[in-house]
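If you want the building blocks of each chain, they are given just below.
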Amino acid sequence: MLEVADEAASSTLLASLWLLDRLLGEKIAAVRECRMEEMVDFMAVRMLVPSVIELEMAQRPAQRHARILNEFGCFSAEQLADANGSQASNRAALADNWRKRRQVFAVPHPDKAARDRDVYPAFQFENGKPIKAVQEVLEAFGGRKTPWKLALWFTSNNGGLPGSARPVDLLAGDPDAVVRAARRDAEGSAA
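By convention here, each chain's residues receive numbers from 1 onward along its written sequence. In keeping with the model being predicted, local features are shown solely for residues with a pLDDT of at least 70 and side-chain atom pairs are shown and tallied solely at 80 or more, while totals for entire chains, interfaces and linings include all residues. For side-chain calculations, the full set of non-hydrogen atoms in the structure is used, while hydrogens and water are omitted.

Engineer: Explain the sheet that holds strand β2 (residues 107-108) here, please?
Structural biologist: Strands pair in a sheet through their backbones, by hydrogen bonds, and they do so in one of two ways: parallel or antiparallel. Note: two strands are recorded as paired if DSSP finds a minimum of 2 bridges between them. Numbering of helices and strands runs from the N terminus, with a helix taken as a DSSP run of H or I at least four residues long and a strand as a DSSP run of E at least two residues long. Reading across the sheet, the 3 strands line up as β1-β3-β2 and stay open at both edges, with antiparallel pairing between neighbours. Unpaired on one side and paired on the other, β1 (74-75) and β2 mark the two borders of the sheet. Summarising the sheet, β2 and strand β3 (residues 118-121) pair through 2 bridges and their orientation is antiparallel. Residue pairing in the sheet places P108 in a bridge with D118 of β3.

In structure tokens:
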């Protein structure tokens, strides 16, 4: 409600209301158009077909991730709880505790349709229990490697190991060499 002091001002205000209404309508239309353009741009970016180079760049790590899980297998937190006879109602508690204490690490499962949780590469375990050398490797890297980079480190040939072996292949036979290689690599990557 608007109260005007005199008749002349009231007449002027009433005469200009149509202009205010038109300006407000134009402003609303402009804002809607701008928002629509933003939505179209947002959706178009997600609909763009990736280039051949982008596809190849995405395929390389995807293939390495799949190779690791296919070659060594993986466990869910629930599987680790079952293998260790855990009676905890939270089936992930045991694996979460190991992960918090940096005894093991988990990677996101690449197939989000089949699994929406992290999985634990199986090479970290012997009879369902964490291998001690894995914890020492994780401590050496001190959180400077992402989980997938850790998995790749364990499963890639390493010039610091006898015969450029993969660390994963020496976890049982020569765990000290694996830990030394991790410390060397961690020092080199920190520089």
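Engineer: I keep staring at the packing of helix α5 (residues 132-141) against helix α6 (residues 147-155) and nothing clicks. Help me out?
Structural biologist: Geometry of a packed helix pair, given as the angle between the helix axes and the separation of the axes. Axis definition: a line fitted to C-alpha atoms, limited for helices to the stretch in contact. Angles are taken between N-to-C directions and run from 0 to 180 degrees. Where α5 meets α6, the closest approach of the two axes is 12 Å, and the angle between their N-to-C directions is 120°. Here α5 lies oblique to α6, going by the angle between them. Helix-helix and strand crossings are classified by hand; for α5 and α6 the assignment is right-handed. Seen from α5, the contacting residues are V134, V137, L138 and F141; seen from α6, they are L150, W153 and F154. Here the nonpolar group is Ala, Val, Leu, Ile, Met, Phe, Trp, Tyr, Cys and Pro; Asp, Glu, Lys and Arg are the charged ones; every other residue, Gly included, is treated as polar. Its residues assigned to classes, the contact of α5 with α6 comprises 7 nonpolar, no polar and no charged. Here the angle decides the label: under 35 degrees means roughly parallel, over 145 means roughly antiparallel, 65 to 115 means roughly perpendicular, and every other value means oblique. If you view the pair so one helix is near and one far, a crossing is left-handed when the near helix is turned anticlockwise from the far one by less than a right angle, and right-handed when it is turned clockwise. We call two residues in contact whenever any of their non-hydrogen atoms come within 4.5 Å of each other.

Engineer: What is the right way to look at the confidence of the model for the protein in this model?
Structural biologist: Regions with low pLDDT carry predicted coordinates that are not meant to be interpreted in detail. Mean pLDDT over the protein works out to 89, with 94% of the residues at or above the 70 mark. Every residue is assigned a pLDDT by the predictor, reflecting its confidence on a scale from 0 to 100. The element-level mean pLDDT for the protein is lowest in helix α1 (residues 7-47), coming to 81, with helix α7 (residues 167-170) highest at 98.

Engineer: Whenever I open this one, the packing of aromatic side chains confuses me. Can you help?
Structural biologist: Each aromatic ring pair is summarised here by two numbers: the centre-to-centre distance and the angle between the ring planes. Here the aromatic set is Phe, Tyr and Trp, taking the six-membered ring for Trp, and pairing holds for ring centres within 6.5 Å; pairs whose planes are under 30 degrees apart are stacked, those over 60 apart are edge-to-face, and all others are tilted. With the rule as written, the count across this model stands at 8 aromatic pairs. Aromatic side chains F75 and F125 sit 5.7 Å apart centroid to centroid with 80° between the ring planes, which places their arrangement in the edge-to-face category. Of this pair, F75 sits in strand β1 while F125 sits in strand β4 (residues 125-126), and the two are 50 residues apart along the sequence. Take F125: its relative accessible area is 9%, and that puts it in the buried class. Each ring, one from F105 and one from F123, has its centre 6.2 Å from the other, and the planes form 55°; the classification is tilted. Note that F105 is positioned in the loop between α4 (93-100) and β2 and F123 in the loop between β3 and β4, a separation of 18 residues in sequence. Across the pair, exposure class does not vary: F105 and F123 are buried alike. An aromatic cluster is built from F72, F105, F123, F141, W153 and F154, whose rings are joined through pairwise contacts. Geometry around F141 places K145 over its ring, the cationic atom sitting 5.0 Å from the centre. Note on exposure labels: buried denotes an accessible area under 20% of the residue type's maximum, exposed denotes more than 50%, and partly exposed covers the range between, all computed with a 1.4 Å probe on protein chains only. The criterion is that NZ of a Lys, or CZ of an Arg, lies within 6 Å of the ring centre and within 35 degrees of the ring normal, and then a charge sits over that ring.

Engineer: Explain the pairing of β3 here, please?
Structural biologist: Remark: a regular strand shows side chains that alternate across the two faces of the sheet. Bridge count for β1 against β3 is 2 bridges, and the pairing is antiparallel. In the strand pairing of β3, C74 is matched with P121.

Engineer: Can you walk me through the packing of helix α2 (residues 52-72) against α6 in this structure?
Structural biologist: At a closest axis distance of 10 Å, the pairing of α2 and α6 adopts a crossing angle of 60°. As judged from the angle between their axes, α2 and α6 are oblique. Judged by the twist between their axes, the crossing of α2 over α6 is left-handed. Where α2 approaches α6, its residues R64, H65, R67, I68, L69 and F72 are matched on the opposing element by W148, A151, L152 and T155. Taken together, the residues of the contact of α2 with α6 sort by class into 6 nonpolar, 2 polar and 2 charged.

Engineer: Would you explain a nonpolar patch on the surface in this entry?
Structural biologist: Residues L14, L17, W18, L19, L20 and L23 make up a contiguous nonpolar surface patch of roughly 600 Å² in combined accessible area. With respect to the secondary-structure elements, L14 resides in helix α1. Distance thresholds for patches are 9 Å for like charges and 5 Å for nonpolar side chains (Val, Leu, Ile, Met, Phe, Trp, Tyr), applied to residues having over 30% relative accessible area and no salt bridge. Note on areas: these come from Shrake-Rupley sampling with a 1.4 Å probe, and a residue is covered only by the protein chains present in the view. Basic side-chain nitrogens of Lys or Arg form a salt bridge, by our definition, when they fall within 4 Å of a carboxyl oxygen of Asp or Glu.

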